[in-house]
Amino acid sequence: MKKDIKSMLPQEIEEDLSRLGEPPFRAKQIFRWLGRGAVSFQEMTDLSKSLREKLEQQYYISSLKPLKKQVSKIDGTIKYLWELEDGNAVETVVMKYKHGNTVCISSQVGCRMGCAFCASTIGGLVRNLKPSEMLDQVLYSESESGLKISNIVLMGIGEPLDNYDNVMRFLELVNHPEGRNIGMRHISLSTCGLTEVFDKLGELNLQLTLSVSLHAPDDETRSRLMSVNRGRGVDRLLDACDEYYRRTGRRVSFEYAMIDGVNDTEYHARLLADKIKKTGGHVNLIPLNHVEEREFAPSSEENMRAFIKILRKKGVNVTVRRRLGSDVDASCGQLRRKAAKD
Ligand code: SAH
């Protein structure tokens, strides 16, 4: 079995190489090549031919096969469907913002969190993505689109904290100064709220943005929408967010998908404002994206306006997320596993 070298840190490559009698700086050279998107050891021309051959025998360089590319006519958002080495497929979205191009990557094939409004969870979890497969989504999106990526959001298919170790490793790889070198402050991780790992994450004191998919301020509504809330609860989640802020100095930001008649009433707005004000966090409202298989509908503009007014009046910092790529089904919650070859 060959080893997945793109999931390895330079120090791990170095340890392996020392057993082959190679000097430490070779590891850094290889790591740099991988971070620049090298697809074969043969490209690594500053290594001797014999080392390249040895590497080829013991390691493989992960790759993605583009199956489909859709470009939004409205805003230029690009959606890729990639085939992984085992035939599974995942989606990645590239969005153009004024502050730089952002890639939205998937962390799992499928998802087992079961949110009632989301398409990614239909069909459940197939498997976790490897660190290299997350890194490849960044590298391949860049090389396929010709766009320089400056921001990453872990908001595609899957729950990043349900694939904790691989996601943490991916962050280390993509953030590494000798690798792709994307700053933590340019990375957002979105979670449905697996509070049991918040402390562990907080201890790492990463300077990324932790974004929590809240979607309701009360347990009755939230548990109806998100089964992950059952047995955890909104208040415990918000306490965990406070503790996270205390540890890292980074405020959590909250996602709230506005769903007609479900979580968009005056009652929800007032309760949300009261609970959020304590955390000092920022709320990002998204009109729900309609998902064919789901019964929910987006809130009316009128309800959205009334909701925002209540939040602002109570001093909550609110923004409304622009919908990008809606004509290519690239909006939040619409990504899902498709038959790799349809
Ligand atoms: N599992 C993570 C990240 C993936 S989803 C999480 O739950 O945060 C990225 C965001 O899209 C989440 O806030 C999610 O709740 C939201 N989302 C899912 N389905 C949606 C839909 N149909 N409309 C709008 N947002 C949706």
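Residues numbered from 1 in each chain as written. Predicted model: local features only at pLDDT ≥ 70, side-chain atom pairs only at ≥ 80, totals over all residues. Heavy atoms only, no water.

Next up on the list: the site of the ligand. Around the ligand, the surrounding shell holds 19 residues, and the nearest of these are Glu159, Ser190, Ser213, His215 and Asn289. Between a nitrogen atom of the ligand and a main-chain N or O atom of Phe117, the distance comes to 3.1 Å. Protein coverage of the free-state accessible area of the ligand, which is 530 Å², stands at 96%. Tallied by class, residues from the shell around the ligand come to nine nonpolar, eight polar and two charged. (Near = heavy atom within 4 Å. Polar contact = N/O pair within 3.5 Å; in protein donor to acceptor, adjacent residues only side chain to side chain. Areas by Shrake-Rupley, 256 points an atom, 1.4 Å probe, with all protein chains shown as cover. Nonpolar A, V, L, I, M, F, W, Y, C, P; charged D, E, K, R; others polar.)

With that out of the way, let us pick up the domain arrangement of the protein chain. The assigned domain composition of the protein chain is domain 1 (3-60) and domain 2 (65-341). At the interface, 15 residues of domain 1 touch 15 residues of domain 2. Contact between domain 1 and domain 2 buries roughly 1,200 Å² in total, counting both sides, with carbon and sulfur atoms accounting for 55%. The tally of links from domain 1 across to domain 2 stands at three salt bridges. (Domains from an automatic or database assignment. Contact = heavy atoms within 4.5 Å. Buried area = accessible area lost by both parts, 1.4 Å probe. Salt bridge = Lys/Arg side-chain N within 4 Å of Asp/Glu carboxyl O.)

This paragraph deals with the sheet that holds strand E9 (residues 149-154). Read across the open sheet, the ten strands follow the order E3-E4-E5-E6-E9-E10-E11-E12-E13-E14; overall the sheet is mixed. Whereas interior strands pair on both sides, the edge strands pair on one side only; in this sheet they are strand E3 (65-71) and strand E14 (317-320). For this sheet the average axis-to-axis angle between neighbouring strands, irrespective of direction, equals 25°. Inspection of the sheet shows strand E6 (residues 100-104) paired to E9 by four bridges, in the parallel sense. Residue pairing across strands places Thr102 opposite Asn151, the latter belonging to E9. (Pairing = 2+ DSSP bridges. Helix = DSSP H or I, 4+ residues; strand = E, 2+ residues; numbered from the N terminus. Axes fitted to C-alpha atoms, helices over the stretch in contact; angles between N-to-C directions.)

Here the focus is the nonpolar core. Judged by nonpolar contacts, the single largest core of 96 residues is most densely connected at Phe170 and Leu171. Sort the elements by how many residues they give to this core and helix H5 (residues 164-175) lands first, with seven residues. Counting contributing residues, this core receives three or more from each of domain 1 (3-60) and domain 2 (65-341). Filtering out sequence-adjacent residues up to four positions away, Leu171 remains in contact with Leu154, Met184, Ile187, Leu189, Leu206 and Leu208. (Core = buried A, V, L, I, M, F, W, Y, C linked by side-chain atoms within 4.5 Å. Buried < 20%, exposed > 50% of the residue type's maximum accessible area, 1.4 Å probe, protein only.)

Per the stated rule, a full pass over the model turns up four aromatic pairs. Summarising the aromatic geometry, the rings of Phe198 and Tyr244 are spaced 6.5 Å apart at their centres and angled 65° between planes, so their arrangement reads as edge-to-face. Here Tyr244 lies in helix H8 (residues 234-248) and Phe198 lies in helix H6 (residues 198-204), a separation of 46 residues in the sequence. Ring pairs connect the aromatic residues Tyr80, Trp82 and Tyr140, which therefore count as one cluster. Over the face of the ring belonging to Trp33 we find Arg36, whose NZ or CZ atom lies 5.0 Å from the ring centre. (Phe/Tyr/Trp six-rings, centres within 6.5 Å; stacked < 30°, edge-to-face > 60°. Lys NZ or Arg CZ within 6 Å of the ring centre and 35° of its normal.)

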